[in-house]
Amino acid sequence: MTHIDAGAELDPVHPVPMPQRARGLTTGEVAERVARGEVNDIPVRSSRSTTEIIRANVFTRFNAIIGILWLIMLFVAPFQDSLFGYVILANTGIGIIQELRAKKTLDSLAVIGEAKPTVRRDGRATEISTSAIVLGDLIEIGPGDKIVVDGVCAEADGLEIDESLLTGEADPVVKRHGDQVMSGSFVVAGGGAFTATKVGREAYAAQLAEEASRFTLVHSELRTGISTILKYVTWMMIPTAIGLVISQLVVKENDFKDSVARTVGGIIPMVPEGLVLLTSVAFAIGVIRLGRKQCLVQELPAIEGLARVDTVCLDKTGTLTEGGMDVTELRPLGDADEGYVRKVLGALGESDPRPNASLQAIIDAYPDSEEWRCTESLPFSSARKYSGAAFSEGDGTTSAWLLGAPDVLLPAGHPVLAETEELNHRGLRVLLLARARGDLDDPAVKKGAEAVALVAMEQRLRPDAADTLRYFSDQGVHAKVISGDNAVSVGAVAGKLGLAGAQDTVDARSLPADQAGMAKALDENTVFGRVTPQQKRDMVGALQSHGHTVAMTGDGVNDVLALKDADIGVSMGSGSEATRAVAQIVLLNNSFSTLPSVVAEGRRVIGNITRVASLFLVKTVYSVLLAVLVVCFQIEYPFLPRHLTLLSTLTIGIPAFFLALAPNKERARPHFVRRVMRYAIPGGVVAGTATFVTYMIARHYYTGSGALDAETSSATLTLFLVSMWVLAIIARPYTWWRVCLVAAMAAAFLLVLVVPWLQEFFALKLVGASMPWTAVGIAAVAAVALEFLWRWVDRRFPCD
């Protein structure tokens, strides 16, 4: 009887008998499919495309407003009144360049971390990129592998696939020959191969917009907050600008070109144009800095997210410990023969083509017995917590064995568990070898199993884990160790690393099933053992229900569900393909010690953008206030665009760039919009009021030709001094470079006032002594008011 492979039935072009199909496609068949376009050609990107980056930086609402005003000014005013347009061009260029640099870093790291599926072609297993898979390829899969295209199962050896990311069904699905497999699911146990039946945009995961492996859009309070602010600014600008246009062009009946220039001068500073740029640049530079430390940030706001985290859930294996283990003791039970036990362990090791870390340690310690032949196998599963195999031994007898967690395979109160407990207290991982009495595929196979030996293994602690745990403790971030291993053993390992509360261990099987009860237990304890993959997911949800921002670290398939649901998922680069696909941050160097760097970058971005946002929005508030007052009093707007370009550059643009990229270890705090606006509104009101008072006094003081220029110069002096005081407050706490920055900006303005050609270029010339000193006095009063108001705001409207 000739068997036809399921893949051949679905490929009418080249039906191939199973024996040949098991060898996979030939080189010629691959070439034919590539020529027909039957390739998995969805680009795997870790960042926006170049076109998207340019479009996002160029085609913005505010760039459109400023661009139109710039074109008007190029026709009606001197060159210096059009400087603001060139500043916007420079800002946009800087934003594009920095994002392209970040993209280059992200894409190069993504190539390093990209999973390479194993396909069988011409009878040989070969690793290729995901985009090189063609229709009909035979793809080998094992534990931790993600199904990258849709297909039909061609080979199955205890194959179990988790489809929960697609269907929401938590239990793994057993797959047999001919069953369908969907892209976006992942293997939790066993192995096999499947034939690709849908590739490219026809695959299920592609139709879900590559949901499991691309941006899930981490919530960014920073981005959301800035969008909210810009929305209100836009609504504030529209009526104010209309009123200003009517006031300057109709009511005053001034010279047309001068009126236009002053109208534009009133509208331009309302736009906080550099705020979005600085946010993008700060995120981009953070990505570049972390990239140098082999940390792949799959989405920019993930940097911010980790900085806001207050609880980190750590999987012990691969996070606190290194992947490898060493067998330290073999303890036969009862009258078991140690030599025979070694043979069994060697055969069990050989029976699994894709051993996990525990089985690999057994393989390294006990060589395979060649005369034993595996007749049936039961792959390890995180949900089951044991594996098994049946053998035909060299003398013709048969036997079936289980290898797994003692407290799962044995009933409570069994005398062997006391020995297990003693080994667990030493921080050792303990596996039980038991002889099975029934069929391996029977769910109740562990009942009646005979305990034969205990295998104790020592886990290699990560040398950097203790320092990292100490860092999180110092920063007020709670660490919860969540593991599938024995709770006592996990607690002992955590204790060796100095984790506070490591002695408070909980067996997850005793945890309440309801979310409220589980959340209470998680708040009160630190170490949890015997946790199933579904429980890990439930634990993340329970912590979130109590208001915690949760990060989850892991490297195995049992961590995928929790990584996906956590606020921030962090995967090791050596972890399974599935974990790397769903994590927002991948530590390509497998170093847990990189996490503090990610937290520090996030805090730098959040703290600094919060700081400089106040600068930009103070300008918006005082610009709107000045425009309203000018309309109400029916007078000329005091400034030309060149004045505000100078002020914005010296008191906001240049200082904000340096302040946004400076080190900042301040812990991230919530309520971004409220935190920024509670300073921006009083600061802007004080600056606008002081400037308008100076302007009105100057209007009564100066008369005759050139009076308007003198009035403008006095008002500019007051506004500059008040803005400098706002900068001086925001730059606190002072360091040598911050003092130098503020001093340099003051010196640059002084230079403009004393150099004749700069005076002429910026139309700034202080006339007489009385009015300039009056302007200084008004600015000093405003500075005192700023200090008082901001301290009062801190007390009256706390944001924590």
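Residues numbered from 1 in each chain as written. Predicted model: local features only at pLDDT ≥ 70, side-chain atom pairs only at ≥ 80, totals over all residues. Heavy atoms only, no water.

K.L.:
Could you give an account of the overall build of the protein, with specific residues and numbers?
P.N.:
Helix and strand counts for the protein stand at 29 helices and 21 strands. Along the longest, intermediate and shortest principal axes, the C-alpha atoms of the protein span 120 × 65 × 40 Å. Here the protein, with 800 residues, has 58% of them falling under the buried criterion. Within the protein, contacts between residues separated by at least 24 positions form 72% of all contacts whose residues are at least 6 apart in sequence. Summing over all exposed atoms, the protein offers an accessible surface of approximately 32400 Å²; the carbon and sulfur share of this is 59%. Distance from the positive charge centre (74 side chains) to the negative charge centre (86 side chains) of the protein: 9 Å. (Helix = DSSP H or I, 4+ residues; strand = E, 2+ residues; numbered from the N terminus. Buried < 20%, exposed > 50% of the residue type's maximum accessible area, 1.4 Å probe, protein only. Contact = heavy atoms within 4.5 Å. Areas by Shrake-Rupley, 256 points an atom, 1.4 Å probe, with all protein chains shown as cover. Lys, Arg positive; Asp, Glu negative; His and termini not counted. Charge placed at Lys NZ, Arg CZ, Asp CG, Glu CD.)

K.L.:
Help me get a handle on a nonpolar patch on the surface, residues and values and all.
P.N.:
Together, L71, L74, F75, F79, Y86 and L89 line one region of the surface with nonpolar side chains, adding up to about 650 Å² of accessible area. Those elements giving two or more residues to the nonpolar patch turn out to be α5 (61–76) and α6 (83–113). Residue contributions to the nonpolar patch peak at three residues, all from α5. (Patch = residues over 30% accessible without salt bridge, like charges linked within 9 Å, V, L, I, M, F, W, Y side chains within 5 Å. Salt bridge = Lys/Arg side-chain N within 4 Å of Asp/Glu carboxyl O.)

K.L.:
I'd like a rundown of the environment of A710, residues and numbers included.
P.N.:
With respect to the helices and strands, A710 occurs in helix α26 (residues 707–730). Under the relative-accessibility criterion, A710 is labelled buried at 3%. When the C-alpha positions of A710 and L499 are compared, they lie 68 Å apart, and in sequence the two are 211 residues distant. Excluding residues that lie within four positions of it along the chain, A710 makes contacts with Y702, K765 and V767.

K.L.:
An account of the environment of R101 is needed here, citing residue identities and associated values.
P.N.:
By the element assignment, R101 lies in helix α6. C-alpha separation for the pair R101 and I285, spaced 184 residues apart in sequence, amounts to 8.4 Å. With near-sequence residues (within four places) excluded, R101 lies in contact with I288 and R292.

K.L.:
Describe in detail the packing of aromatic side chains, supporting the description with residues and values.
P.N.:
Summed over all chains, the structure comprises eleven aromatic pairs. With a centroid separation of 5.2 Å and 55 degrees between ring planes, the pair formed by F633 and F692 is classed as tilted. Of this pair, F633 sits in helix α23 (residues 595–633) while F692 sits in helix α25 (residues 672–701), and the two are 59 residues apart along the sequence. Given the relative accessible area of 6%, F692 is considered buried. (Phe/Tyr/Trp six-rings, centres within 6.5 Å; stacked < 30°, edge-to-face > 60°.)

K.L.:
Describe helix α18 (residues 487–496), with residues and values.
P.N.:
With eight of its ten residues buried, α18 lies for the most part within the structure. Taking the backbone nitrogen of V488 as reference, a side-chain oxygen 2.9 Å away marks N486 as the first, capping residue of α18. (Polar contact = N/O pair within 3.5 Å; in protein donor to acceptor, adjacent residues only side chain to side chain.)

K.L.:
Go over the nonpolar core, please, and point to the residues and values.
P.N.:
With 93 residues, the main nonpolar core has M73, F84, I609, L615, F672 and F749 as its most contacted residues. If one sorts the elements of this core by residue count, α23 sits on top with 14 residues. Among all residues touching L615, those that are not within four sequence positions of it are T651, I652, A656, L659, V726, L727 and I730. Counting residues in each nonpolar core, the second largest holds 37 residues, with A302, A479, I568 and M572 among its members. (Core = buried A, V, L, I, M, F, W, Y, C linked by side-chain atoms within 4.5 Å.)

K.L.:
Any details on the pattern of salt bridges? Residues and values, ideally.
P.N.:
Inspection of every chain in the model, using the stated rule, returns 26 salt bridges. The shortest N-O distance in the salt bridge between R384 and E160 comes to 2.8 Å. A residue pair is termed long-range when its members are at least 10 positions apart, and R384 in the loop between β11 (373–378) and β12 (386–392) and E160 in strand β4 (residues 150–162) qualify at 224 residues. Assigned by exposure class, R384 and E160 land together as buried. Salt-bridge contacts for R732 lead to E787; the nearest nitrogen and oxygen are separated by 2.6 Å.

K.L.:
Tell me about unusual backbone geometry, and please be specific about residues and values.
P.N.:
In most cases, non-glycine residues show a negative phi, while peptide bonds are predominantly trans. Across the junction of R732 and P733, the peptide omega takes the value -5 degrees, indicating a cis bond. With respect to the element layout, P733 can be found in the loop between α26 and α27 (736–754). The residue R530 is not glycine, and still its phi comes out positive at about 55 degrees. Tracing the backbone shows R530 in the loop between β18 (527–529) and α20 (533–545). Even without glycine at this site, A763 takes up a positive phi of about 55 degrees. Counting through the fold element by element, A763 comes out in the loop between α28 (756–761) and α29 (770–796).

K.L.:
Would you mind going over the pairing of strand β7 (residues 186–198) in detail, with residue names and values included?
P.N.:
Of all 13 residues that make up β7, eleven are buried, and the element is covered over most of its length. Pairing analysis gives four bridges linking strand β3 (residues 138–141) to β7, with the strands arranged antiparallel. Counted as the bridge partner of E140 is A193 from β7. For β4 and β7, the ladder comprises ten bridges, and the chain directions are antiparallel. Counted as the bridge partner of I161 is V187 from β7. (Pairing = 2+ DSSP bridges.)

K.L.:
Please provide a residue-by-residue account of the sheet that holds strand β21 (residues 585–587), values included.
P.N.:
Sheet strands pair by backbone hydrogen bonding; their relative direction is either parallel or antiparallel. One open sheet holds the eight strands; their spatial order is β8-β21-β20-β19-β9-β16-β18-β17, and the pairing between them is mixed. Lying at the two open borders of the sheet, with one neighbouring strand each, are β8 (295–297) and β17 (505–507). Strand-to-strand twist in this sheet, taken as the mean axis angle between neighbours without regard to direction, amounts to 20 degrees. Sheet analysis places strand β9 (residues 311–314) next to strand β19 (residues 550–554), joined by four bridges and oriented parallel. (Axes fitted to C-alpha atoms, helices over the stretch in contact; angles between N-to-C directions.)

K.L.:
Just give me the short version of the side chain of T240, but keep the residues and values in it.
P.N.:
Structurally, T240 can be placed in helix α9 (residues 221–251). When its relative accessible area of 11% is taken as the criterion, T240 is described as buried. From its side chain, T240 meets the backbone oxygen of M236 in a polar contact 2.8 Å long. Apart from the residues lying within four places of it in its own chain, the contact partners of T240 are M270, V624, A627 and V628.

K.L.:
Mind laying out the side chain of R120, listing which residues take part and the relevant values?
P.N.:
Looking at the element boundaries, R120 is found in strand β1 (residues 118–121). Within polar-contact distance, the side chain of R120 engages the side chain of E140 at 2.9 Å.

K.L.:
Can you lay out the confidence of the model for the protein for me, pointing to particular residues and giving the numbers?
P.N.:
Across the protein, the average pLDDT comes to 82, with 91% of residues at 70 or higher. Of all helices and strands in the protein, the one with the weakest mean pLDDT is helix α1 (residues 6–9) (38), whereas α27 scores best (93). Under a pLDDT of 50 for its full length, residues 1–21 has, in the predicted model, 39 contacts with residues more than four places off or in other chains. In this model, residues 209–217 is a region of pLDDT below 50 whose contacts with residues beyond four sequence positions or in other chains number 28 contacts. (pLDDT = per-residue confidence, 0-100.)

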